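Here is what each chain is made of, one letter per residue.
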Amino acid sequence: MGVETAAAEDDDGDRMRVLFVAMPLIGHLFPMMPLAETLRERGHDVMVATGGDAAAVVRAQLPVADVAPPIDYLRAAVRGLGRHPVLALRSGQGMADARGGAHVFAVTNRPMIEPLLRAATEFGPQVIVHEPFASAAAIVADRLGVPTVLHNIALDNGTVIRRELLRLLTDAALPAPASTLSIAPPSIVRVDGRPLRYTPYSTPGADTPAFLREPSTRRRILVTRSTMLGDGPDTMLRAIVRAAPYVDADIVIVRPDRKTVRNTALPANIRTTGWIALHEALPHCTAMVNHAGAGSVYAALLTGVPQISTPAPGDRAWNALSVQRRGAGLSVPARSITAAHLNALISDPDLTANARAVAAEIAAMPSVIDIADEVTRSAGTR
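Residues numbered from 1 in each chain as written. Predicted model: local features only at pLDDT ≥ 70, side-chain atom pairs only at ≥ 80, totals over all residues. Heavy atoms only, no water.

Scanning the chain from terminus to terminus reveals 17 helices and 13 strands. Relative to the 2.2 N^0.38 estimate, which gives 21 Å for 382 residues, the radius of gyration of the chain is 21 Å and therefore close to what a compact globule would have. C-alpha atoms of the chain, sized along the principal axes, occupy 60 × 45 × 40 Å. A sequence separation of at least 24 residues applies to 68% of the contacts in the chain between residues at least 6 apart. Side-chain charges in the chain split into 38 positive and 36 negative, and the spacing between the mean points of these groups amounts to 8 Å. (Helix = DSSP H or I, 4+ residues; strand = E, 2+ residues; numbered from the N terminus. Rg over C-alpha atoms; globule rule 2.2 N^0.38 Å. Contact = heavy atoms within 4.5 Å. Lys, Arg positive; Asp, Glu negative; His and termini not counted. Charge placed at Lys NZ, Arg CZ, Asp CG, Glu CD.)

See the structure below:
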């Protein structure tokens, strides 16, 4: 663990030191980065405490305290849920079960507490902003006597996740957050907290090809898969490849697995690309297929394109079903995607209209600029 850049002296009464804390996962940190960068641009001292890939990709943007090793999600799930078969079953159903998620993430929060405390003590924050699955930050904040802001990052209710996680981490009765922020569009799901417009944050260095940043003469479907799968086989991509010859659209697969690229003869209407900024490509797409991770789901909702999301453990069935219930997309198991699903996705006017309505709803939510001053005012609430 090490703090890579020291905080500046607080020589201005309006200048605050704000610490952002996230699990060492890109998908958990990125939803908070727009607020972190907005506060920095306003002259506040901002530091991020995380680890793994999340620390690596933002190191050039903000000071980073590396307080957590990379997460082996499967191992954490086995350790956290091994003695709780009912919770394991619920988590496996993917319906964002807060108790199951708390048991999994308690495994990664416990070893974070002391490194995070050391980093926070050195930095001296006046307020700590944390995402629900990094609620070790609330324990550290209590020891330092500073308030917290809970920043929801997905479509599940972070207030409940925080409560269940802290039950496993401490016996102390901790203060409630001074403020809670929610990026969830209310028509998709109602989550506790002050509404905050989802703002995309792309991986620094993402190289979106020119053809994806320009309008297409044909309908285009963007396909993206989970970053947690590494380079292993992907059932969703295999289903897409099988269906593609029967779909009147260009299909672009982002980060395909090695087997799909090297060992499969791809149909003529499929192209592949590496890392891209989804918010640059999606305005020029007709639809999206994704793994139901919150970041990808939000990217499609923000742009107003209908999506197929594939339900899976964790919160991914919840995400997919929430979008389907709103009429802004379809929930389809990865291996079950067919040409009929893809053709419906690009031709059903109701799916498109509902997706655009959600995009308008997101656009009307308060921006990070609107919220930034509220976050710094939280420093005086304890």
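Time to look at the packing of aromatic side chains. Using the criterion set out here, one finds three aromatic pairs in the structure. Considering the side-chain rings of F105 and F133, the 4.7 Å spacing of their centres and the 45 degrees angle between planes classify their relative orientation as tilted. Residue F105 is found in helix α6 (residues 98-109), and its partner F133 is found in the loop between β4 (127-130) and α8 (136-144); the two are separated by 28 residues along the sequence. Assigned by exposure class, F105 and F133 land together as buried. One residue, R255, lies across the ring of W275, its end atom 4.7 Å from the ring centre. One Lys or Arg, R271, reaches over the ring of F211 and ends 3.7 Å from the middle of that ring. (Phe/Tyr/Trp six-rings, centres within 6.5 Å; stacked < 30°, edge-to-face > 60°. Buried < 20%, exposed > 50% of the residue type's maximum accessible area, 1.4 Å probe, protein only. Lys NZ or Arg CZ within 6 Å of the ring centre and 35° of its normal.)

Quick look at the sheet that holds strand β3 (residues 64-68) now. A sheet is described by the order of its strands in space; here seven strands give the open sequence β3-β2-β1-β4-β5-β6-β7, paired in parallel fashion. Edge positions in the open sheet fall to β3 and β7 (194-195), since each of these has one partner strand only. In this fold α8 packs onto β1 (17-21), β4 and β5 (148-151), with an angle of close to 170 degrees to the strand it touches most, β4. (Pairing = 2+ DSSP bridges. Axes fitted to C-alpha atoms, helices over the stretch in contact; angles between N-to-C directions.)

Attention shifts here to the pairing of β4. Side chains of β4 alternate between two faces, with V127 and V129 and I128 and H130 buried alike. With four bridges connecting them, β1 and β4 associate as parallel partners. Pairing of V18 across the sheet is with V127, part of β4. Pairing between β4 and β5: three bridges, direction parallel. Across the sheet, I128 pairs through a bridge with T148, a residue of β5.

Before going further, it helps to spend a moment on the nonpolar core. Ranked by internal contacts, the top residues of the largest apolar core, which has 89 residues, are L19, F20 and V21. Not counting residues within four places of it along the chain, the set of residues in contact with V21 comprises M32, A49, M112, L116, I128, V129, H130, E131, A134 and A137. V247, I308, A339 and I346 belong to the second largest nonpolar core, which has 25 residues in total. (Core = buried A, V, L, I, M, F, W, Y, C linked by side-chain atoms within 4.5 Å.)

Another aspect to go through is unusual backbone geometry. Even without a glycine there, the phi angle at R255 is positive, about 50 degrees. By the secondary structure assignment, R255 is in the loop between β9 (250-254) and α11 (258-263). Its relative accessible area of 12% is what places R255 among the buried residues. Unusually for a residue other than glycine, A292 sits at a positive phi of about 75 degrees. Within the secondary structure, A292 sits in the loop between β11 (287-290) and α13 (294-303). By relative accessible area, which is 0% here, A292 ends up buried.

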